[in-house]
Amino acid sequence: MRGAVIHAPGDVRFETLDDPKILHPTDAVIRTAVTCVCGSDLWPWRGLEPIGDAHPMGHEYVGFVEEVGSEVTAVKPGQFVVGSFATSDNTCANCRNGFPSNCLHREFMSTCQAEYVRIPNAQGTLVATDEVPDEELWPGLLAVSDVMGTGWWAADAAEVRPGSTAVVVGDGAVGLCAVIAAKERGAERIVAMSRHASRQKLAREFGATDIVTERGAEGIARIKDLTGGIGADSVLECVGTAQAMRQALHSARPGGSVGFVGVPHDVSVDGPELFFSHVGLRGGPAPVRRYLPDLVERVVTGRIDPSKVFDLTLPLDQVAEGYRAMDERRAIKALLRP
């Protein structure tokens, strides 16, 4: 088969790879329907994460089951399936407590920008649709496997409630999906922090009521102005930088909550400052599998349409251009078709 391999910063190649095989009785192999480039893939692309030896890339996927191991009964060949970037058995204590992304047998997906993918822990990870969905729904279902599920986790972790005010820090695909999540969870006011006109437009389409373009101290002051000097009930941090985290923590009201889902890079939290702020803080890798049945249903029925975060579609063999376009902010998120 063919798939994406990163060799060095700025160097992703489309190469011939070994076909995936069933290695364990809990595995499945799927034929990729669509895949994509994630904002977090840009960290190694930009040289901000170590790469080490050349290795495959990609952790978002939907596709058709080709083969299953002897212990996999939840899905069968021919079915269309959606999974999570973090695999899980869906039976261990952490899974039962609602955190499948911290499953005791978790494996992070990392080979999905390819024509075929081996899925570990397939029994607990994969969710089959009732029937093969129309092709126009594939991008929205792909979003559910990560960015929509992660945006939902941001809203859940930040305790977005009906009638509340929510602030979304970050206007990438996760941040935009977090706007969808905040609206679906009943937020009355949703403030999107964004400096990019095209992303501001999409944020409003998804449910944002206000746009704040300022960052840092000015951005915090603007949020305070919009909330009577108090701060927001919920802040959804969807970037992962030190500035974004500080902006999030200082934009929340006393007693408010911050959900942080951007993979942290050089982020530190001041203990005494957090202590005296009375702000709650929760985050981590999104427990996407917990939300999959609900989010798949919302996409299939047309209640939400996260597919709009894909504003560039390329054939899979042009995966490197997808990285470049996102790195240069010519695209929010690149969809790849095998």
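Whatever comes next refers back to the structure up there.
In short, a report on the structure.

Calculation notes
Residues numbered from 1 in each chain as written. Predicted model: local features only at pLDDT ≥ 70, side-chain atom pairs only at ≥ 80, totals over all residues. Heavy atoms only, no water. Pairing = 2+ DSSP bridges. Helix = DSSP H or I, 4+ residues; strand = E, 2+ residues; numbered from the N terminus. Axes fitted to C-alpha atoms, helices over the stretch in contact; angles between N-to-C directions. Buried < 20%, exposed > 50% of the residue type's maximum accessible area, 1.4 Å probe, protein only. Contact = heavy atoms within 4.5 Å. Polar contact = N/O pair within 3.5 Å; in protein donor to acceptor, adjacent residues only side chain to side chain. Phe/Tyr/Trp six-rings, centres within 6.5 Å; stacked < 30°, edge-to-face > 60°. Parallel < 35°, antiparallel > 145°, perpendicular 65-115°, else oblique. Left-handed = near helix turned anticlockwise from the far one by under 90°. Patch = residues over 30% accessible without salt bridge, like charges linked within 9 Å, V, L, I, M, F, W, Y side chains within 5 Å. Areas by Shrake-Rupley, 256 points an atom, 1.4 Å probe, with all protein chains shown as cover. Salt bridge = Lys/Arg side-chain N within 4 Å of Asp/Glu carboxyl O. Lys, Arg positive; Asp, Glu negative; His and termini not counted. Charge placed at Lys NZ, Arg CZ, Asp CG, Glu CD.

## Some words on the sheet that holds strand β11 (residues 210-212)
Read across the open sheet, the six strands follow the order β11-β10-β9-β12-β13-β14; overall the sheet is parallel. Of all strands in the sheet, those bounded by a partner on one side alone are β11 and β14 (280-283). The average undirected angle you get between the axes of adjacent strands in this sheet is 20°. One ladder, built from four bridges, connects strand β13 (residues 252-260) with β14; its direction is parallel. If you follow Ser257 over to β14, its bridge partner there is Gly280.

## Comments concerning the sheet that holds strand β4 (residues 55-56)
The sheet built from three strands is open, its strands ordered β2-β1-β4 with antiparallel pairing. The outermost strands of the open sheet, each flanked by one partner alone, are β2 (11-16) and β4. Here six bridges tie strand β1 (residues 2-8) to β2, and the two strands are oriented antiparallel to one another. Note on β2: the bridge partner recorded for Ala4 is Phe14.

## Let's talk about the environment of Gln247
Within the secondary structure, Gln247 sits in helix α9 (residues 242-251). The class of Gln247 is buried, set by a relative accessible area of 5%. Residues Gln247 and Val82, spaced 165 residues apart in sequence, show a C-alpha to C-alpha distance of 34 Å. Non-local contacts of Gln247, meaning those with residues more than four positions away in its chain, are made with Val169, Met193, Glu214, Arg215, Gly216 and Ile220. From its side chain, Gln247 meets the backbone nitrogen of Gly216 in a polar contact 2.6 Å long.

## Brief notes about the packing of aromatic side chains
Scanning the entire structure with this criterion turns up seven aromatic pairs. A ring pair is formed by Phe85 and Phe108, whose centres lie 6.5 Å apart and whose planes are at 5°; its orientation type is stacked. Linking Phe85 in the loop between β6 (80-82) and α2 (93-96) with Phe108 in the loop between α2 and β7 (116-119), this pair joins segments that are 23 residues apart in sequence. Grouped by ring-pair contacts, the aromatic residues Phe64, Phe80 and Trp138 constitute a single cluster.

## Examining the packing of helix α8 (residues 216-226) against α9
Two packed helices can be described by the angle between their axes and the distance between those axes. The geometry of α8 relative to α9 is characterised by a closest axis approach of 9 Å and an angle of 25° between their N-to-C directions. The angle between α8 and α9 falls in the class roughly parallel. As for how α8 packs across α9, the hand of that crossing is right-handed. Facing Gly216, Ile220, Ile223 and Lys224 of α8, the residues of α9 in contact are Gln243, Arg246, Gln247, His250 and Ser251.

## Notes on a negative patch on the surface
A contiguous patch of negative charge, built from Asp130, Glu131, Asp134, Glu136 and Glu297, is present on the exposed surface. Asp130 sits in the exposed class, given a relative accessible area of 83%.

## Some details on the environment of Thr32
Checked against the element boundaries, Thr32 lands in strand β3 (residues 28-36). It is 7.0 Å that separates the C-alpha atoms of Thr32 and Val117, two residues lying 85 residues apart in sequence. Aside from chain neighbours lying at most four places away, what touches Thr32 is Val62, Gly63, Cys112, Ala114, Glu115, Tyr116, Val117 and Pro338.

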